[in-house]
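Tertiary structure, described
For reference, the chains in residue letters:
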Amino acid sequence: MKSATGRWVSGNDFFNRESELSILEQRIRDGNHVLLTGQRRMGKTSVARELGRRLEAQGGVFLFADVEGATGPEDVIADIAEAAYPVRSMKSRFTTGTLSLLNRLSRRIKDIGPRQFRVSFRAELNKGNWRRFGEKLIRDCAEHDQPVLLVIDELPIFLERMLRDDEGHKKVDDFLSWLRGMLQQHGDGSPAVIISGSIGLDPLVRRLGIPDRINYLYPFRLGPWSRETCIECFNRLAGSSGFQVEGGVGQAVYDKLGMGIPHHVQSFFARLTENALMQDRQRVAVSDVDDVYRTVLLGPGGQNDLVHYETRLKDGLGDELDYTIAVEILAEAATQDVFGPPARRGLEQLYASRAGDVADRIAEVLDVLEHDGYLETRDAEYRFPSNLLKDWWIARFGNHYTPIEQRSLVRNEQGFGFAVRNE
C-alpha cells in the first residue's frame, strides 16, 4: 500500500470502505441516482472512482466528469462528452448522432484525442443547443448495451460559480431542473448518476428555496474512519514503507488528529517519514508525533493541506459577508472551544447594522459549516470534531482574537472583521 497525499486512490492503494462500496453498488444496480456527501478530504472521489473501476471490471461503463472549472451548462456537457469519448462504443454512438450537426468536426473526429475533441465540441455549444446535446448524451447512456455509471464531480462548485452571474438563481434552477428531468425521463434504467463535491449541494438548494430539484437523489454520506481503522491504515502504510515504526505511533497519530479523516492520516504518515529522512534515520518514534504535528502539519509545510478548507469555504458560501460570519464562528469555536447561544446572540448584535437578515444568515452559515464537517452541534453548541482543523484556526487567530461576548458588550460601530486588537 503506497502513501498517497493529494490524489485519489484505487486498486491496491484503496483502503477500507468495503461496506460503503457495497451499499453504493447496490443502490446503483437498483437504478438509484446518488448524492455522495461528506466533509473534505474524506475520500469521496476515491470511493466514486473505485466503484467505477469495479463496475468496469464487471463489464460496465464508467464515466467521470470533473466540472469544477465549468462556468456554464455548455462546459458541463462538454466535460461529460469528453469523459464518454475514450469509450469506443460510447464514442461511436454519440458521434454518429451528432456529426451532422458538427460538420466542422466530421473530417477529423477519428484523429483527435479526448481533450482536443472537448475543445472543438465545446466551441459548437451555446445557450440555444446545450440542452439538445446534453439530452443526446444522456439518451445514449440510457440506450447503451452495458450499464453506465456517470459521476459528475464538483457540481456544487459549478453551481455556486454560475450563481454569481446575472440571473444566476434562474440559471441554477434551470440547469438542475433540466438534469432532473433528463434522468427521471429514463426511469430506473441506465445511466446511474453519482453527484459529489467538496462543498455541499443540500445547503445550496435550501438557501435558494429549490430543495425539490435534487429530491430524486439518494443521499449517501461518507463518514470518518474509526480509531481502529485509522491505526490499521497507518500500520499498513508503515509496513510497506521500509521504515521502522515504533509501536504506538499509529495510536498517537489518531489521538493528535482527533478524527479519522483519511487524507489527514495519509498526510501525517508522509510528514513523519519525511521528518525521519531529514534527520538521516529510518525510524519513526512516538516522540516524533507531537513535534511533527506542531511544526509541520500546523506550520508552513502543512498550509497547502489546510488552506484548501478555507478556499472551499469561500466557494461554498459565495457571499463575502457570509464568509466573514463563517470566519467569526470558526475563530470563536476554535479559541473559546465552543460557539454557543451567547456568542450567537452577540454575533447577531455585532452584524445587525450590516445585514437586516443577520439571524437568517448566521443560521445558513452554521448549516454549511455543519454539513461540510467544520463543526458539529449538540444542544445548540458548535465545536470542532477535528483537532487538526481546530488547532489550525487557533494558530491563525489565537493571538489576535477577541471573544464575541466581550466585543458585544462594547459594540464596534462598524462591526467589521473578527476583532484584531490594537497592540
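Small disclaimer: the values here were computed from a predicted structure and weren't measured. (Residues numbered from 1 in each chain as written. Predicted model: local features only at pLDDT ≥ 70, side-chain atom pairs only at ≥ 80, totals over all residues. Heavy atoms only, no water.)

This structure, assessed with the given rule, holds 14 aromatic pairs. Put simply, the rings of Y85, F117, F121 and F133 touch in pairs and so form one group of aromatic residues. Seen from the ring of W392, R396 lies directly overhead, with NZ or CZ sitting 5.3 Å from the centre. Of note, R396 hangs over the ring of W393, and the distance from its end group to the ring centre comes to 5.8 Å. (Phe/Tyr/Trp six-rings, centres within 6.5 Å; stacked < 30°, edge-to-face > 60°. Lys NZ or Arg CZ within 6 Å of the ring centre and 35° of its normal.)

Trans peptide bonds make up most of the peptide bonds, and negative phi angles are found at most residues other than glycine. Even without a glycine there, the phi angle at R41 is positive, about 65 degrees. When you line up the elements, R41 lands in the loop between β1 (33–37) and α2 (44–57). Classification of R41 as partly exposed rests on a relative accessible area of 22%. (Helix = DSSP H or I, 4+ residues; strand = E, 2+ residues; numbered from the N terminus. Buried < 20%, exposed > 50% of the residue type's maximum accessible area, 1.4 Å probe, protein only.)

What follows concerns the side chain of D75. As for its position among the elements, D75 is in helix α3 (residues 73–84). Once residues lying within four places of it in the same chain are set aside, the contact partners of D75 are A70, R118 and R122. (Contact = heavy atoms within 4.5 Å.)

The next subject is the confidence of the model for the protein chain. Residues with a pLDDT of 70 or more make up 88% of the protein chain, whose mean pLDDT is 86. Per-residue pLDDT, averaged within each element of the protein chain, yields its smallest value for helix α5 (residues 103–106) (49) and its largest for strand β9 (residues 381–383) (97). Low pLDDT (under 50) marks residues 99–103, which in the prediction has eight contacts with non-local residues, meaning those over four places away or in another chain. When the criterion is pLDDT under 50, residues 412–423 qualifies, and its contacts beyond four places in sequence or with other chains add up to 31 contacts. (pLDDT = per-residue confidence, 0-100.)

Time to look at the nonpolar core. Formed by 82 residues in total, the largest nonpolar core has its most connected members in L149, F268, L272, I329, F339, L369 and L375. Among the elements that make up this core, the one with the highest residue count is helix α16 (residues 320–335) (10 residues). Filtering out sequence-adjacent residues up to four positions away, F268 remains in contact with V253, K256, L257, V289, V292, Y293 and L297. I80, L163, L183 and L201 belong to the second largest nonpolar core, which has 49 residues in total. (Core = buried A, V, L, I, M, F, W, Y, C linked by side-chain atoms within 4.5 Å.)

Moving on, we get to the packing of helix α8 (residues 155–163) against helix α10 (residues 201–208). When two helices pack together, their arrangement is given by the angle between the helix axes and by the axis-to-axis distance. Two elements in contact, α8 and α10, have axes separated by 10 Å at closest approach and are oriented at 30 degrees. Taken together, the axes of α8 and α10 are roughly parallel relative to one another. As α8 packs across α10, the resulting crossing turns out to be left-handed. Contacts between α8 and α10 involve P156, L159, E160 and L163 from the first element and L201, L204, R207 and L208 from the second. For the contact of α8 with α10, a count of residues per class yields six nonpolar, no polar and two charged. (Axes fitted to C-alpha atoms, helices over the stretch in contact; angles between N-to-C directions. Parallel < 35°, antiparallel > 145°, perpendicular 65-115°, else oblique. Left-handed = near helix turned anticlockwise from the far one by under 90°. Nonpolar A, V, L, I, M, F, W, Y, C, P; charged D, E, K, R; others polar.)

Glancing now at the packing of helix α11 (residues 227–239) against helix α12 (residues 249–257). The N-to-C vectors of α11 and α12 enclose an angle of 130 degrees; their axes lie 9 Å apart at closest approach. One way to sum up the angle between α11 and α12 is to call them oblique. Considering only the axes of α11 and α12, their crossing is right-handed. Contacts between α11 and α12 pair R227, C230, I231 and F234 from the former with V249, G250, Q251, V253, Y254 and D255 from the latter. Here the contact of α11 with α12 is composed, by residue class, of six nonpolar, two polar and two charged.

Over its 12 residues, α3 extends 17 Å from the first C-alpha to the last, a length consistent with the 16 Å expected when each residue adds 1.5 Å. The buried count for α3 comes to 12 of 12 residues, which makes it a mostly enclosed element. Listed in full, the buried residues belonging to α3 are P73, E74, D75, V76, I77, A78, D79, I80, A81, E82, A83 and A84. (Expected span 1.5 Å × (residues − 1).)

With respect to the element layout, L347 can be found in helix α17 (residues 341–351). C-alpha separation for the pair L347 and V358, spaced 11 residues apart in sequence, amounts to 8.7 Å. Excluding residues within four positions of it along the chain, L347 makes contact with I325, E328, I329, F339, I362 and I404.

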